[in-house]
Each structure stands twice: as structure tokens, then as C-alpha cells.
Amino acid sequence: MDFSLSEEHIMIRDAAREFAQTELLPGVIERDIKQEFPDALVRKMANLGFMGIMVDPKYGGSGMDAISYVLIMEELSKIDASASVIVSVNNSLVCYGIEAYGTEAQKEKYLTKLATGESIGAFCLSEPEAGSDATSQKTTAIDKGDHYIINGTKNWITSGGRADVYLVIAQTDRHKGSHGINAFIVEKGTEGFHTGPKEDKLGIRGSDTHTLQFNDVKVPKENRIGDDGFGFRFAMKTLSGGRIGIAAQALGIAQGAYELALKYSKERKAFGTEICNHQAIAFKLADMHTEIAAARHLVMKAAWDKDQGNNYDMSSAMAKLYASKVAMEHTVEAVQIHGGNGFVKEYHVERLMRDAKITQIYEGTSEIQKIVISRSIIRD
Ligand code: CAA
């Protein structure tokens, strides 16, 4: 057992922390208000290797481990969860999906650009009637010999308008259920592929979320990922890694709110003393500190499982379930500690509270994580 970070991990964490403080913090409130996608910042994150953190350097990636990935995600998310979700989806859903299950040709054509940030990736599973119930795909991909024809609608797609490469999950044979689903790489600009209006969201407003429409979109057969019928398992395996990223995002949001609340409580005076000296506030800080530490252990354990080659379906679900609960509860507490100022944008905690909510919803709701965890413990 060793709970300490290596020198290399500390350097990676500090680089991400420095970047978040100097580059993400200025303008984060304005980007939230204007729902502005951080184009220039994505390029800077790409230059630091954050768009292909775990990708093999031979495909343009940084070749780091999953522990490094969660350290970077936590630091970015403390300041700007809109920027961090772009990083998370690109890394653990799109890059990982192609690197782990794509062909050599797919990796050469798409992965290198995604890992270097020249392209941005999106993961398209959710539909108007298939969110949690992901096997009920209505989008169809009909086999036409050397190509497929895709028709359907995808909802709530992160980086939906900005992406260049889309991993699209679709039903190829309804009678085969989850075994009749495939995943395809679809390029932006393919005829019949349309992006709907940007969603006006409660939180992570700087990220770019869209509905996508596929009308007779022709996709070459070589763009299918894996064997015929692998698409649902592909989505589940990829999402297990994605959930580590979102758990780290939730952890960062919680830690960011906690740090702001602690600082504020040491400055703000009431009844003749700094408010941290009142037990009502001190106990809130104690709960935050304890539960955030517990969330961090779960997040690190899930990342460690991935690095060790262990199965991480359950540990990633546990990390996401708990870290997102901690993020939601303690961002509310951080607003409470700030009192009236907590309700004002310039104090940041109201944004962190709004951003926290999505971590209990995307990449599998908390209820879905409980399904994954309970099925694992009952099966084992
Ligand atoms: N690895 C490998 N195979 C898996 C698997 C995994 N982790 N999970 C399931 N499977 C297999 C099962 O073994 C089963 O195979 P067999 O038929 O051969 O036995 C098959 O897949 C079907 O599995 P289930 O019977 O368990 O399917 P289900 O209909 O009960 O659904 C579920 C399971 C866990 C609820 C799943 O539907 C799920 O995870 N839903 C949530 C989807 C989700 O997370 N969506 C997020 C959207 S993406 C997003 O948010 C991205 C973004 O932009 C931020």
C-alpha cells in the first residue's frame, strides 16, 4: 500500500494546476454567461498533451497513465468543468475507444489528430428515447455491402457542434438486441449529417452540447469499430473509463468549492470572529474535507485498477456515484458558507454548484451506476 504520488505525478498535477489558475480562471465567468466554447484554451490544453493523455506516443499521445489523467481532470475541474468535460470525452471515450478497439488504419487516420488536439471527438450514444436504456437504440445503420446508411437522432452530445470525429452507436439488426448494435466513426461534413441548435444548459455552459441528425448518412464499412455486433459492448467498455474521468471531474468541482469556502470562512467575520470559528461552519468544513478525501480514494482506486489491467467496471461506477454525490452536496454547502455572496457569480461557487449537477447525470446517471454496482456484487 502506498498512498503517495510519485514525483512525476506531482509534476503533472502541478502543471495542470498552474494551467488552470493562469489560463482557465481568467474569463471562466464570462464563458459561462455567454456559453462560449473555449477554442483557444483547447488548443493550449492540446499543446500540454491534455487531449491525448493516455494515448501511446506513437499516435501523438502523451503516454501517461490513468492516475495522471484523473490528476489533470481534478485540477482543470476545480476551475472550469466546461473545459474539463471536453478533455474527458476526447480522452476516455473517443481516443480510448479508437485506441483500444479500432483498426490500425482507423488509429492512423483519426487517433493521431484526436490525441494531438488537431481534431476534437464526440461520443454519440444517447437518443431522445434511449438515455439510460442504452440498448433501445432507434438510430439505424443498414448494411449495404461496402458501406452502412445511418438514420436517426442523437441527443445531448458533448462537443456536438465543435467535433470533427463522431463515434456513433446505431442498431444494425433489431432482432439481435444488444448484439445487433455497432459503433461507427463518422466525420464532420458527411452528407446528411446535421447539427441541431446548441442546448442552453444549467451548468457546464462553456461546453458545446447539441442534438445531431443523421439523414441517410453513408459511412464506409472500414469505419465500423470491431466485429459486427460489438457496438453495445464497445459503448459499455468505453463508458467504464469515461466514468473515471467524470468522477475526477466531480472530485475537482467539490475540491474547488471546498477551497473557496475554506478561504472565505477565514476572511468573513460575523458575531465578532471569522466564521470558520463558528462550529456551524467548522463542522461543514470537516464534513467536506472528509468526504472529498473519501471520494478521492475511490477515484484513485478506479484509475489504479485501469492502470493495473484489473476490471474497473464497478470501481469506476462507485467512484462516479460517490464523487458526484459529494460534488452536489458540498457545492451547495459552499454556497451556504458564502451566504449572500454565494449567490453572486464573482464568487464562483454558484457556478460550481450548477456544474456539479451534470456529474450525477451524464455518462450514466447515479441510478445507472447503482445498477452496474449491484449487478457486479450480486454476480461476484
Ligand atoms: N463490458 C462488457 N460487456 C457488457 C458491459 C461491460 N461493461 N456491460 C454490459 N455488457 C454486455 C452484457 O454482458 C450483455 O451481454 P450478453 O447479452 O451477451 O449477456 C449485454 O452487454 C447487454 O447488457 P445488459 O443486459 O446489462 O443491458 P441492459 O439493457 O440491462 O443495460 C446498462 C445495462 C448498464 C443499464 C446500460 O444500458 C447503461 O450503462 N446505460 C447508461 C448509458 C450511459 O451511460 N449513457 C451515457 C451517455 S454518453 C455521455 O453522457 C457522453 C457525454 O457526452 C458526456
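Definitions and limits used
Residue numbers here run from 1 along each chain, matching the order of that chain's written sequence. In view of the model being predicted, local features appear only for residues whose pLDDT reaches at least 70, and side-chain atom pairs are presented and counted only at 80 or more, with totals across whole chains, interfaces and linings using the full set of residues. Hydrogen atoms and water are omitted, and side-chain values are computed over all heavy atoms in the structure. UniProt positions are given in the numbering used here, feature names are shortened, and annotations may be inferred rather than shown by experiment. Residue exposure (1.4 Å probe, protein chains only): buried if accessible area is under 20% of the type maximum, exposed if over 50%, otherwise partly exposed. Helix numbering and strand numbering both begin at the N terminus, where a helix is a DSSP run of H or I of at least 4 residues and a strand a DSSP run of E of at least 2. Here the rule is simple: two strands pair whenever DSSP picks up at least two bridges between them. Throughout, an axis means a line fitted to C-alpha atoms (over the contacting stretch in the case of helices), and angles, computed between N-to-C directions, take values from 0 to 180 degrees. Throughout, a contact is declared for two residues whenever any of their heavy atoms are within 4.5 Å. Following the grouping adopted for this structure description, the nonpolar residues are Ala, Val, Leu, Ile, Met, Phe, Trp, Tyr, Cys and Pro, the charged ones are Asp, Glu, Lys and Arg, and the polar ones are all others, Gly among them. Note on terminology: near, applied to a residue and a molecule or strand, indicates that one of the residue's heavy atoms is within 4 Å of it. A 3.5 Å cut-off defines polar contacts: any pair of N or O atoms within that distance qualifies, except that in protein one atom must be a possible hydrogen donor and the other a possible acceptor, and neighbouring residues in sequence count only when both atoms are side-chain atoms. Detection works on a 1 Å grid of protein atoms alone, calling trapped sets that fit a 1.4 Å probe cavities and calling open sets with protein on both sides within 12 Å along at least five of seven lines pockets, with lining residues defined by an atom within 4 Å of a point. By definition, a pocket or cavity contains a molecule when more than half of the molecule's atoms lie within 2 Å of the pocket's grid points. Remark: nonpolar core denotes a set of buried residues (Ala, Val, Leu, Ile, Met, Phe, Trp, Tyr, Cys) joined through side-chain atoms within 4.5 Å. Stacked, tilted and edge-to-face are the three classes applied to pairs of Phe, Tyr and Trp rings, where Trp contributes its six-membered ring and a pair requires centres within 6.5 Å; stacked means planes under 30 degrees apart, edge-to-face means over 60, and tilted covers the rest. Any carboxyl oxygen of Asp or Glu that lies within 4 Å of a side-chain nitrogen of Lys or Arg is treated as forming a salt bridge with it.

Looking at an unreviewed UniProt entry, one finds the protein named Acyl-CoA dehydrogenase and attributed to Gelatiniphilus marinus. As its UniProt record puts it under Cofactor (unreviewed entry), the protein is described as follows: "FAD". Taken from UniProt, the Sequence similarities (unreviewed entry) comment for the protein reads in full: "Belongs to the acyl-CoA dehydrogenase family."

A. Region of interest: the pairing of strand 4 (residues 165-171). When you tally the buried positions in strand 4, you get 7 out of 7 residues, the bulk of the element. Burial along strand 4 is two-sided: Val165, Leu167, Ile169 and Gln171 facing one way and Tyr166, Val168 and Ala170 facing the other are all buried. Strand direction decides the pairing type here: strand 1 (residues 121-124) and strand 4, joined by 4 bridges, are parallel. Pairing of Phe123 across the sheet is with Leu167, part of strand 4. As paired strands, strand 4 and strand 5 (residues 181-187) are joined by 7 bridges and run antiparallel to one another. By the bridge assignment, Val168 is partnered in strand 5 with Phe184.

B. Examining the packing of helix 4 (residues 66-79) against helix 8 (residues 279-308) more closely. Running from amino to carboxyl end, helix 4 crosses helix 8 at an angle of 145°, the nearest separation of the two axes being 8 Å. Here Ala66, Ile67, Val70, Leu71 and Glu74 of helix 4 come into contact with helix 8, specifically with Arg296, Val299, Met300, Ala303, Trp304, Lys306 and Asp307. Considered class by class, the residues forming the contact of helix 4 with helix 8 number 8 nonpolar, no polar and 4 charged.

C. The site of the ligand, seen in detail. Around the ligand sit 25 residues, and of these Ser132, Thr158, Arg243, Glu363 and Arg375 come closest. Contact between the ligand and His179: an oxygen atom at 3.0 Å from a side-chain N or O atom of the residue. The cavity where the ligand resides is the largest pocket. Taken together, the residues of the shell around the ligand break down into 11 nonpolar, 8 polar and 6 charged.

D. Representation of the nonpolar core. Judged by nonpolar contacts, the single largest core of 109 residues is most densely connected at Phe123, Tyr166 and Val186. The element best represented in this core is helix 7 (residues 231-267), accounting for 16 residues. Ignoring any residue separated from it by four or fewer positions in sequence, one finds Tyr166 in contact with Ala122, Cys124, Ser159, Gly160, Gly161, Phe184, Ile185, Val186, Lys188, Phe193 and Leu212.

E. Just the UniProt feature "domain: Acyl-CoA dehydrogenase/oxidase N-terminal" (unreviewed entry) in the protein, in detail. Feature annotation in UniProt assigns "domain: Acyl-CoA dehydrogenase/oxidase N-terminal" (unreviewed entry) to the following positions: residues 6-118. Between the first and last C-alpha atoms of residues 6-118 the distance is 30 Å; the span itself is 73% helix and 0% strand.

F. Summary view of the packing of aromatic side chains. The full count for this structure, using the stated rule, is 9 aromatic pairs. Note on Phe193 and Phe214: the rings are 4.7 Å apart at their centroids and 10° apart in plane angle, and the pair reads as stacked. Of this pair, Phe193 sits in strand 6 (residues 193-198) while Phe214 sits in strand 7 (residues 209-220); the two residues are 21 residues apart in sequence, bridging distant segments of the chain. Classification of Phe214 by relative accessible area gives buried; the value is 0%. Members of the aromatic cluster, joined through ring pairs, are Tyr96, Tyr101, Phe230 and Phe234.

G. Inspection of the UniProt feature "domain: Acyl-CoA dehydrogenase/oxidase C-terminal" (unreviewed entry) in the protein at higher detail. Under the UniProt annotation, "domain: Acyl-CoA dehydrogenase/oxidase C-terminal" (unreviewed entry) lies at residues 231-377. Regarding residues 231-377, the helix share stands at 78% and the strand share at 3%, and the terminal C-alpha atoms are separated by 25 Å.

H. Structural view of the pattern of salt bridges. As enumerated under the stated definition, the model contains 22 salt bridges in all. Note that Lys301 is salt-bridged to Asp305, the shortest N-O span being 2.9 Å. In this pair, Lys301 and Asp305 both sit in helix 8, 4 residues apart, roughly one turn of the helix. Using a relative accessible area of 4% as the deciding quantity, one classes Asp305 as buried.

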